[in-house]
Amino acid sequence: MKKILLIFSLLLLTCTYVMSQTVQITGTVTSSEDGLALPGVNVTVKGTTIGAITTAEGKYFLSAPAKAQTLVFSFIGFRTTEVPIGGRTKVDAVLTQDTYNVEEVVVVAYGTQQKRDVTGSVASVKGDAIRTVPVQSFDQALQGKAAGVSITLPNGVLNNPPVIRIRGYNSISGSSSPLIVVDGVPIASGNFGGTAAANALSDINPSDIASMDILKDASATALYGSRAANGVILITTKHGSGGKTKVTYDGYVGFTEPTHIFKVMDAAQYIEEKNAARVNYLGESAAKIVQLTDANGKPIDTNWADHIYHKGFQQNHTVTISGATPSTSYYLSVGYSDQQGMVKTNTFSRKNARLNIDHNVTSFLKIGANIGYTNGYSRSPQVGADYATAASARLAFVLPPVLPVYNNDGTLNIAGAGIGGQGEPFGNLGYPNPDVVLKENKFTTETDRLLTTLYATVTLFKGMELRTQYGIDNLTSEQMWYLSPINGDGQGSNGDAGASNRKFRRWNWSNTASYTKSIAETYNIGLLAGVEEQRTVDNSWSGEKYNVNDPFFKTYQGSWTNVYMGGGGMGENYYISYFGRASFNYSRKYFLEGSVRRDGFSGLSTGKKFGTFWGASAMWDLSKEEFISNAIGNIFSDMRLKASYGRVGNISAVGDFSSLFLYGSGLYATVPTLAFTQAGNADLKWETSDKYDAGISFSLFKDRIQTQLNYYYNNINGLVLSVPQSPSKGIPGSSIPANVGSMYNTGAEISITSFNIAKPNFSWTTTLNLSTLKNKVTALAPGVDEILGYTGGLEISNKTVVGQPVGGLYVVETRGVDPQTGRRIFVNKAGKEVEFYYENSGSARWQYKDESGVAPAITQSSDGKIMGSGIPKVFGGLDNNLTYKNLDFSINLTYAFGFDIYNGTKAGLRDQRWWNNSAEVAETYWKQPGDVTDIAKPFWGDNISNGHNSLPQSSLVEKGDYVKIRNISLGYVIRKLPSITGIESIRVYVQAFNLHTFTKYSGSDPEISSNGDSNVSPGVDRNSAPQARTYTLGVNINF
Amino acid sequence: MRNILKMAAAFLVLLTAGCSKEYLNPVPQTSLSDLSVFDNKDRIVAQVNGMYSAVKAGWYLGGRYQSVADMRGDNFIPLSNNAYVNFNTWNHLEISATMEVNDIWNQIYASVNTVNVFLDGLKSNWESGKLAGIISEEEYNQFTSEALTLRAMCYFDLTRLYAKPYIQGNGENLGVPLRVKAEKSAEGNDLARSTVAEVYAQVLSDLNAAEPLAIANYGSDDLNTTRIHKNTIIALKTRVLLTKCDWAGAVSESAKIVPASAPFVAPSGVPNALSTNWSAIWTNNTTKESIFSLPNTDINNGGGQSAITWYFSSESGESVYLVATSPVYAAMDPTDIRRSSMDVLVPGGSDPDQYFLTKYTHFTTLSDWCPVIRYAEILLSRAEALVRSGGSVTQEAVDLLNAVRTRAFPTGAFTLASFATPADFYSAVLQERNFEFLGEGMRSFDLMRLGLDIPAKEGLTMGNIGAIPASSAAYYWPIPSGELSLNKLCVP
């Protein structure tokens, strides 16, 4: 605190202001379109900081120096215009619209730049593009909006963080997710919940976002140093503007449903097919599955999906009050969202408030604050991914239709921890009754988040600005869970309840000095120097009890008999960094920029805490060269070449204390022990990413069609991998992490924005983003040939090897079902075909197809190979926006091509135990020689022929290519309303999100990730819940 | 202008002046860093206990090691063919990649490194004077002796399982890699195997260095059983020398804790002696007979499927048992308490009755203590060594044998006349050891140290396993695949 006082006093001492002869100038600013006055326009005396803002009538009053030559008029959405004063005292101006957004300002690291001056690779997405999308968090709506950025929603569960990848997979042990910076402060991201997911980014109300700028190459990201390798997303929240106070209300209501429900066998089909399987395996005398009847005598045919999915109702409201006077701008927003998901009992609600204020205290001192508070609450049952037996997504298709929810006497159909078998010949099942686990079990996460940025800027003299900024990110997350003793996972321990609390606290303080100077309009220099410190403390603790004393108690605080040992953890880290940037351009024709950052991170070992990262870029505006503009100027209104290179880092694989040698404490019977538990690696450091980028951007037909083409190559070295140690060394864990691996990502990006039609009454804009990606691992740890990727801890679904993309799908090759025998044909490592005979025992199960006898058993480790990759080779989006008079229509498509999915769910849908199967099994299972089908001859209990978790087969690897109608909306604006209402305009719209997916993939959705954000196990679909389709009806009212 | 720039620079510099050194070097709050573990006596004692805790892990002396030693022998029949509970050891189908071959090696070497890291830290802190005032020189010596003894025990246990016995070629065959310095980094993965003789030399050198430094008596029964004292070292040395076929050495060593005639009570240090009541050894964990045992509780034990109780209790579905026709059972007298105390389970049908040891009975909590060395072993070892070194059966040797035998089988005393030749005596001692130490991890090692073939065994439904001759590669365990793939100098 003492330091802050010192700084302010220094600033006061050093501030200067000019006093000299002045002249009063006034005038009116109007729009060239309709001649109407433009309020809020910035009028400045060129070459000074003296300025004014036009009033509601478009008038301004200015005290300009006598020597002043030119006035500059600038306003968002209009082209900046310069008017010579010529000795007049009344200087009017007419501004033309910046139809093609060429004068946009984009936010870059620690500052802003004119879009046309950006030499690095930056993609900008305006906040309005995602404002009305019915998702919980802005990152879910970014798919297809920026070239090089791939967003995958793992499933339709509310508030589940999506997987974000910018220009490929940039790490193996660390994180590949980008750094998220909100109003200059790097914030916490990821899942802060458990079973009830809590996406940390949903704490930002999408309505509050003014713009999202995505930094991709070394030049743009270098100023984020050791956290930049995965790219950076800069979020800027809204600030008030333009004169009179504006009030807006955005609201929508809607409902959501699953996009896909598997068509499974009904009771009649189930009985027929399963009994055929029983006879095949156990003989004609096998006990048969029978059709049961309910209390009214009707046959029981339960559609389990109906008990799990429903139409969820959603509503969302945001009210904002914003405005600006010449010295102060303010933005206040309050939002409330209450959503039900497509799975019963999955809910999400959020209350948030934000206040952003900027105030010019004097002409040289400006202060401001952005404060946002959010309270979020999620409830979810166990839904899916992997092998949890209570996972609702799987219960929807695994449970037999012949079983009822209730017994005929009205009691619940349960037996122990599972659903009751009703005397059918498959006994009691280890899977619970969904009605119980969805209603009785409870998993919740509640988060409280405070995001604050406070700043002060001092303009020492023209072009020289000092800025100090202090930010806070405080996130508290409380998870609670309850497992009912009636049925499911809590039955064995007579109920279980627990709570855990996580407290994330971060402060960030940066101080920058920037200087811009233009010498004779030709030599333009920009300099930036800064210092930043950031400290994060992340602590958690938990408790759990079991064996309830009365089923009335359903929370941890209730009365229980047994207690588990509590848990928790404490982490902290600190960054101190020094950085600088220099940009130079000659006549806005030749641009050069270089940035450098020196980061010190507390998790690195003593003496090795600091590292230097840098990026440099160059750009040549060809269209300003006379010889070019003469040759092609009438077609190309703009043509630039860019190139950049640099080295940034990824520190995520280095933990808070990874470099230390640590001792853990335990027990020797009843006395405490201390033993060496972590062999820290004092040489551990960040992973490095050398990024190359080259691009060309050009505009055709007077900026009508704007195109950007980029080629990128990210060479990643020093990947942190566990290097196995000789067991005789006795190192804890027998491995030590070290920077040993390497990998690269390369590809091209194409971005085309075409203002097809831009008339006042009719406009049509198309935006296409296309990105390609090739990822390859080039080195792993010495002595390590492969890294296996697991799904659910049970199944080895992926394998990473040198020379292939990370996380290849690791399966045994199969070649369909033999029409003659009805057996699955496997291919062993020698290439010979082997068939599987479930009904035989032991080694006689595997027989060569050519009938030459018994074959060695097929296993994944000896016969498996990599047969696909879950990483799309081409992906992107296509947006079309049309307006006609008061109507607006937009359709957003997203697509991904060139990837595969391991459809593990299909193995379950063909499993020949008591599990229900897809209707396809009943319709097409092999019955007699000559049948051509992909369903092997059914044998009761056979869970290998059609796919098993210890023997994944290639029949389950499918192409995932898809085109998705991500968003489609139709709106109508009503403008001329009676002034009594106080409403300036109302837009009413209907919108559908995830309307339809065109794909050949037979699973629930090709946009899937059962393993979430994992780097080594992408492309796996194992019992995941489908995506959600949401229909909304909304209004945007401007008062 | 210049001044203003200077001010701006000063402003930036000012901010960095306060940059927090302590933030840049955070100290974890849930683990101790190696810089603070020698700050006070409690932490040093905790590190000593940490070494014992490492050898007490389920994969070493918490249960797996004893189980494997017994299952490799000719005595038991397993209830389960689950590979997870050492079935491949029982039927001698273990290979270099077998789970228990790798995991037992890993845990013993993890214990060795825990000891080496402690010794290294203790020694350097002592020599730098940092420990002055924190521990006394006696304590420094005592902790050093405990560390050296535990390491010696680890290497002895490694080499008698993973290498040919000493008796084959006088230890000239390949043993195990000898690591005697702290391993903390990624360096030094490659280390060649030392010979069996070299390993024994290291073991004896550690034990001989430890003995004068060791405490004589802790003053509490609990510590005298769970921690190492002078007599523990002497007992362990006796075991090592006997295995090394150094009969004279075994005689002179055991003389330090076994007097020339009954009553057999250790004359110095802890007054170790036979417990008069055999059952009391298992109900009272800290009798004077238990020279060294590893303690367990309900929340701190070897764990399910690794704890010693899991392998021998009648309540475990995965333990081992005897039947009436099992050679060791049939050879014991029905009145011998070691046989009569066994639990009987009647499986029904045509299957024979199953007899289970009752040494470890706390199945729900797995809290039975694991015996490492008992006084009874020293008496029997001394008896055998006396005859082998002297060349003829003596009354002293017979008395020693009888002391152990008649404690459990009062009417079974031998006389000098019972043994026509020394060979008869050796068979009798070997058999007595078999009766006495069932389920304590001795049988297969007793056969191997004498170079005797492992006899065939009948396993009922689990199959009959043929004899393993002493010349067979299955006589001892292969070097685990995990070590071979990462230690380039280690040959199989």
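Residues numbered from 1 in each chain as written. Chains lettered and ligands numbered in written order. Predicted model: local features only at pLDDT ≥ 70, side-chain atom pairs only at ≥ 80, totals over all residues. Heavy atoms only, no water.

> Break down the overall build of chain A for me, with residues and values.
Along the backbone of chain A there are 10 helices and 55 strands. A globule of 1039 residues ought to have a C-alpha radius of gyration of about 31 Å, and chain A, at 32 Å, matches this closely. Here the C-alpha coordinates of chain A stretch approximately 110 × 75 × 70 Å along the principal axes. A total of 1039 residues make up chain A; the buried ones form 57% of that total. Sequence separation of at least 24 residues holds for 68% of the intrachain contacts in chain A that already meet a minimum separation of 6. Within chain A, the 86 negative side-chain charges are centred at a point lying 6 Å from the centre of the 90 positive side-chain charges. (Helix = DSSP H or I, 4+ residues; strand = E, 2+ residues; numbered from the N terminus. Rg over C-alpha atoms; globule rule 2.2 N^0.38 Å. Buried < 20%, exposed > 50% of the residue type's maximum accessible area, 1.4 Å probe, protein only. Contact = heavy atoms within 4.5 Å. Lys, Arg positive; Asp, Glu negative; His and termini not counted. Charge placed at Lys NZ, Arg CZ, Asp CG, Glu CD.)

> Describe in detail unusual backbone geometry, supporting the description with residues and values.
Across the junction of B:Ala262 and B:Pro263, the peptide omega takes the value -5°, indicating a cis bond. Topologically, B:Pro263 is positioned in the loop between helix H11 (247-254) and helix H12 (280-283). Backbone geometry at A:Arg167 places phi at a positive 55°, although glycine is not the residue there. You can see A:Arg167 is positioned in the loop between strand S12 (163-166) and strand S13 (179-182). For A:Arg167, a relative accessible area of 2% corresponds to the buried category. With a phi close to 50°, A:Asp183 is a non-glycine residue in the positive phi region. Structurally, the position occupied by A:Asp183 is in the loop between S13 and strand S14 (185-186).

> Tell me about the domain arrangement of chain A, and please be specific about residues and values.
Under the domain assignment, chain A is made up of domain 1 (2-95) and domain 2 (105-239). Put simply, the middle of domain 1 of chain A and the middle of domain 2 of chain A, counted by C-alpha atoms, are 35 Å apart. (Domains from an automatic or database assignment.)

> An account of the interface of chain A and chain B is requested, with residue identities and associated values reported.
Note: interface size is frequently given as the accessible area lost on complex formation between the parts. Counting residues at the interface gives 56 residues for chain A, matched by 61 residues for chain B. Around 5,200 Å² of area is buried between chain A and chain B when both sides are counted, 70% of it from carbon and sulfur atoms. Seen at the junction of chain A and chain B, the total is zero salt bridges. Broken down by element, the side of chain A that touches chain B gets its largest block of residues, six residues, from strand S34 (residues 671-678) of chain A. Among the residues forming the side of chain A that touches chain B, the class breakdown is 37 nonpolar, 13 polar and six charged. (Buried area = accessible area lost by both parts, 1.4 Å probe. Salt bridge = Lys/Arg side-chain N within 4 Å of Asp/Glu carboxyl O. Nonpolar A, V, L, I, M, F, W, Y, C, P; charged D, E, K, R; others polar.)

> How would you sum up the sheet that holds strand S50 (residues 900-903) of chain A? Please name residues and give values.
Residues and elements named next belong to chain A. In spatial order, the strands read S51-S50-S54; together these three strands make up an open sheet with mixed pairing. Either end of the sheet is taken by a strand with one partner, and the two such strands are strand S51 (957-959) and strand S54 (1020-1021). Bridge analysis of S50 against S51 gives three bridges, and the strand direction is antiparallel. Looking at S51, one finds that Asp900 is bridged to Lys959. (Pairing = 2+ DSSP bridges.)

> Summarise the sheet that holds strand S2 (residues 42-45) of chain A; cite the residues concerned and give the values.
All names here are of chain A. In spatial order, the strands read S3-S2-S5-S6; together these four strands make up an open sheet with antiparallel pairing. In the strand order of this sheet, the two ends are held by strand S3 (51-53) and strand S6 (81-84), each with one partner. Across the sheet, the mean angle separating the axes of adjacent strands is 20° when strand polarity is ignored. Across four bridges, the pairing between strand S5 (residues 70-74) and S6 is antiparallel. Bridging from a neighbouring strand, Val72 pairs with Glu82 of S6. (Axes fitted to C-alpha atoms, helices over the stretch in contact; angles between N-to-C directions.)

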